[in-house]
Amino acid sequence: LPTTELNYTGSGIAITATGFNVLSDFFLTGNANATGGIYYGPETIVSLETRRIRVKDFSKIGAYGMRVNGVLESIWDTIRVQSNYDNLIIDGAGNTTLSFRNAYFSHAARYGTYITGLRGSNFIDGIWESNFGIGLYLYGVDVHDVDFYNAWTEGNNLGTVVPADVPEIQLSGSAGNLSN
């Protein structure tokens, strides 16, 4: 695990990744006033690698641990995103050919992962657990051909953010394939 610790004390977005090729080997801790941890965008990013990171405690209503918008052909490997309002948001119609491997999303106040714009991408060995709302939520007409391999969900919908009868994984629109 990474040993570099970054503690964000501001009220905006801690890191905006624009034009980076590699982000790796650090812990990023937020606070109750910050609006976001890592924002990948808004300019198009191609061939990004994010490896061995942990993002937590961006807990303000509407905040996120990681947000992806306008990213192509990129990899996230061995990431842990937890205790944020939303752990991971993938939005915008330009996200394609993304791969998330060994990703862990837990203890979000709302969604473990919320996807409204993603095409031709995959999650391999992903875990969504103990989120207070839906663990994995894919929504909308801009979500196509998203594959999940060895996905695990457990103990989501812990809070009152969503009704108790909502599933741990929700696919709405033309989203995805699930396989084990």
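Anything mentioned here points back to the structure above.
Within each chain, residue numbers correspond to sequence positions counted from 1 in written order. Where local features are concerned, this predicted model is filtered to residues with pLDDT of at least 70; where side-chain atom pairs are given and counted, the filter is 80 or more; whole-chain, interface and lining totals use all residues. Hydrogen atoms and water are omitted, and side-chain values are computed over all heavy atoms in the structure.

**Observations concerning the sheet that holds strand 11 (residues 113–115)**
Turning to step 1, where the next piece is worked out: Criterion used throughout: strands pair if DSSP finds at least two bridges between them. Numbering of helices and strands runs from the N terminus, with a helix taken as a DSSP run of H or I at least four residues long and a strand as a DSSP run of E at least two residues long. The seven strands are arranged 2-4-7-9-11-14-17 in an open sheet whose pairing can be described as parallel. If you trace the sheet from one side to the other, it starts and ends with strand 2 (13–17) and strand 17 (169–171), each paired once. This sheet shows a mean twist of 10° between the axes of neighbouring strands, independent of strand direction.
Turning to step 2, where the next piece is worked out: Note that strand 4 (residues 36–40) and strand 7 (residues 64–68) share four bridges and pair parallel. In this analysis an axis means a line fitted to C-alpha atoms, helices contributing only their contacting stretch, and an angle means the value between N-to-C directions, from 0 to 180 degrees.

**Examining unusual backbone geometry**
Only a minority of non-glycine residues have a phi that is not negative, and only a minority of peptide bonds are not trans.
Turning to step 1, where the next piece is worked out: Omega for the peptide link from Gly-41 to Pro-42 comes to 0°, which places this bond in the cis form.
Turning to step 2, where the next piece is worked out: Position of Pro-42 relative to the elements: it lies in the loop between strand 4 and strand 5 (45–46).
Turning to step 3, where the next piece is worked out: A positive phi angle, close to 55°, is found at Arg-52, a residue other than glycine.
Turning to step 4, where the next piece is worked out: You can see Arg-52 is positioned in strand 6 (residues 49–56).
Turning to step 5, where the next piece is worked out: Burial classification: accessible surface area is computed with a 1.4 Å probe over protein chains only, and a residue below 20% of its type maximum counts as buried, one above 50% as exposed, and the rest as partly exposed. On the basis of relative accessible area, Arg-52 is assigned to the partly exposed category, the value being 37%.
Turning to step 6, where the next piece is worked out: Unlike most non-glycine residues, Asp-57 shows phi in positive territory, near 70°.
Turning to step 7, where the next piece is worked out: Examined against the element boundaries, Asp-57 turns out to sit in the loop between strand 6 and strand 7.
Turning to step 8, where the next piece is worked out: Looking at Asp-57, the relative accessible area reads 28%, which means it is partly exposed.

**Looking at the pattern of salt bridges**
Turning to step 1, where the next piece is worked out: Salt-bridge detection follows one rule: a side-chain nitrogen of Lys or Arg within 4 Å of a carboxyl oxygen of Asp or Glu. Taken as a whole, this structure holds six salt bridges when the rule is applied.
Turning to step 2, where the next piece is worked out: Residue Asp-25 is joined to Arg-52 by a salt bridge in which the shortest nitrogen-to-oxygen separation is 2.7 Å. You can see Asp-25 sitting in strand 3 (residues 22–29) and its partner Arg-52 sitting in strand 6, a full 27 residues away along the chain.
Turning to step 3, where the next piece is worked out: Among the residues examined, Asp-25 registers a relative accessible area of 29% and is labelled partly exposed.
Turning to step 4, where the next piece is worked out: Here Asp-91 makes a salt bridge to Arg-67, at a shortest N to O gap of 2.9 Å. Of this pair, Asp-91 sits in the loop between strand 9 (86–90) and strand 10 (96–106) while Arg-67 is found in strand 7, placing the two residues 24 residues apart along the sequence.
Turning to step 5, where the next piece is worked out: You can call Asp-91 buried: its relative accessible area is 15%.
Turning to step 6, where the next piece is worked out: Its relative accessible area of 23% is what places Arg-67 among the partly exposed residues.

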